[in-house]
Amino acid sequence: MALRSAQGDGPTSGHWDGGAEKAGKNLRQMSKDYQQVLLDVRRSLRRFPPGMPEEQREGLQEELIDIILLILERNPQLHYYQGYHDIVVTFLLVVGERLATSLVEKLSTHHLRDFMDPTMDNTKHILNYLMPIIDQVNPELHDFMQSAEVGTIFALSWLITWFGHVLSDFRHVVRLYDFFLACHPLMPIYFAAVEVLDCDCDMASVHHLLSQIPQDLPYETLISRAGDLFVQFPPSELAREAAAQQQAERTAASTFKDFELASAQQRPDMVLRQRFRGLLRPEDRTKDVLTKPRTNRFVKLAVMGLTVALGAAALAVVKSALEWAPKFQLQLFP
């Protein structure tokens, strides 16, 4: 899809003469999701730049509602979930209503597809990949979290909003969105694992991270580490052992080659424990796998190149977004 210049089509440009405007009053009256969407959008004040005029913010909130309802109306197989508006508002603020509608609709039928099922089964399945990744990098931290019974539900909002709900700095949100858009649909769970691995192995540190993500984390470093983890532990390796017994579930992630063998009933944490504890010596399991990646240097160079390229892309997107919204750029990026 070719993107035209969006100058003048940013957050301050108002409605466009297209599908989102046609959603209007009739669509709101017919949609079964309207009341929930309305409540979520009303609670989304913190997602808008500080200092933005109230009238402008209210106009954007109306556009946000229209975009969501239009996408749901066009795609009846999709089901709204709380947190979806956090993703939509990010695109709305960067590219405006017209492009946001097209981009998010495409994203909703691909990267976000699993979150928009009638049940949370596929979402829970994706969350199941968090602990086994942690186990391979830091078994001590994994065992500590298991004994503390923290589970994985703490990462739910991270995953389904692409961290948009928990990060206050818009620059960090945009950077992560660039990264996730260019990667496999499961990359957010790898990034979540890196977030957890960055904390110390004690109750105070873990509790602080799980209750509120620090806003000053080294995001470029974490992005690079997430890419390394994906190369070392691709989804296919996590699911391969169960493939002979069960047919892969056709989730959004399964459309990618690395995930073709996944199954909704498979427990990746058990597969990883059985596989690596059976193959590795005990002393080898304590080593940081990031220091000895099991891949060739060309793949590593490709991952590093992707990270550098995405960094440049993120800066370009933020710069363009600021040009579209000069009235609040100082408040957004002090």
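Thresholds applied
- Residues numbered from 1 in each chain as written.
- Predicted model: local features only at pLDDT ≥ 70, side-chain atom pairs only at ≥ 80, totals over all residues.
- Heavy atoms only, no water.
- Axes fitted to C-alpha atoms, helices over the stretch in contact; angles between N-to-C directions.
- Helix = DSSP H or I, 4+ residues; strand = E, 2+ residues; numbered from the N terminus.
- Parallel < 35°, antiparallel > 145°, perpendicular 65-115°, else oblique.
- Left-handed = near helix turned anticlockwise from the far one by under 90°.
- Contact = heavy atoms within 4.5 Å.
- Nonpolar A, V, L, I, M, F, W, Y, C, P; charged D, E, K, R; others polar.
- Buried < 20%, exposed > 50% of the residue type's maximum accessible area, 1.4 Å probe, protein only.
- Core = buried A, V, L, I, M, F, W, Y, C linked by side-chain atoms within 4.5 Å.
- pLDDT = per-residue confidence, 0-100.

(A) Geometry of the packing of helix α9 (residues 170-181) against helix α12 (residues 219-232). Direction vectors running N to C along α9 and α12 enclose 20°, while the axes themselves pass 11 Å from each other. When the axis of α9 is compared with that of α12, the two are roughly parallel. Along this stretch, α9 crosses α12, giving a crossing that reads as right-handed. Here α9 contributes H172, R175, L176 and F179 to the contact with α12, which in turn contributes Y219, E220, I223, A226 and G227. Among the residues forming the contact of α9 with α12, the class breakdown is five nonpolar, two polar and two charged.

(B) Layout of unusual backbone geometry. Not every positive phi belongs to a glycine, and E149 is a case in point at roughly 55°. Note that E149 resides in the loop between α7 (139-148) and α8 (156-160). You can call E149 exposed: its relative accessible area is 70%. Phi is positive for W162, which is not a glycine, with a value near 55°. Its place among the elements puts W162 in the loop between α8 and α9.

(C) Molecular detail of the nonpolar core. Core analysis: the largest hydrophobic core is formed by 85 residues, its most contacted members being Y84, I134, W158, F163, I189, F191 and I213. With 13 residues, the single largest contributor to this core is helix α4 (residues 84-108). Apart from the residues lying within four places of it in its own chain, the contact partners of Y84 are I68, I71, V104, S108, L112 and M116.

(D) A look at the confidence of the model for the chain. For the chain, mean pLDDT is 73; residues scoring 70 or higher make up 63% of the total. When pLDDT is averaged over each helix and strand of the chain, the minimum, 35, is found for helix α17 (residues 329-332) and the maximum, 96, for α4. For the stretch residues 241-250, pLDDT sits under 50, and the model shows 18 contacts to residues farther than four places along the chain or on other chains. Counted against residues more than four places away or in other chains, residues 257-276, with its pLDDT under 50, gives 61 contacts.

(E) Representation of the packing of helix α6 (residues 130-137) against helix α10 (residues 187-197). Close contact between α6 and α10 brings their axes to 9 Å; oriented N to C, the two are set at 50°. Put simply, α6 runs oblique to α10. Between α6 and α10 lies a crossing of right-handed hand. Contacts between α6 and α10 pair L130, I133, I134 and V137 from the former with I189, Y190, A192, A193, V196 and L197 from the latter. Grouping the constituent residues of the contact of α6 with α10 by class yields ten nonpolar, no polar and no charged.

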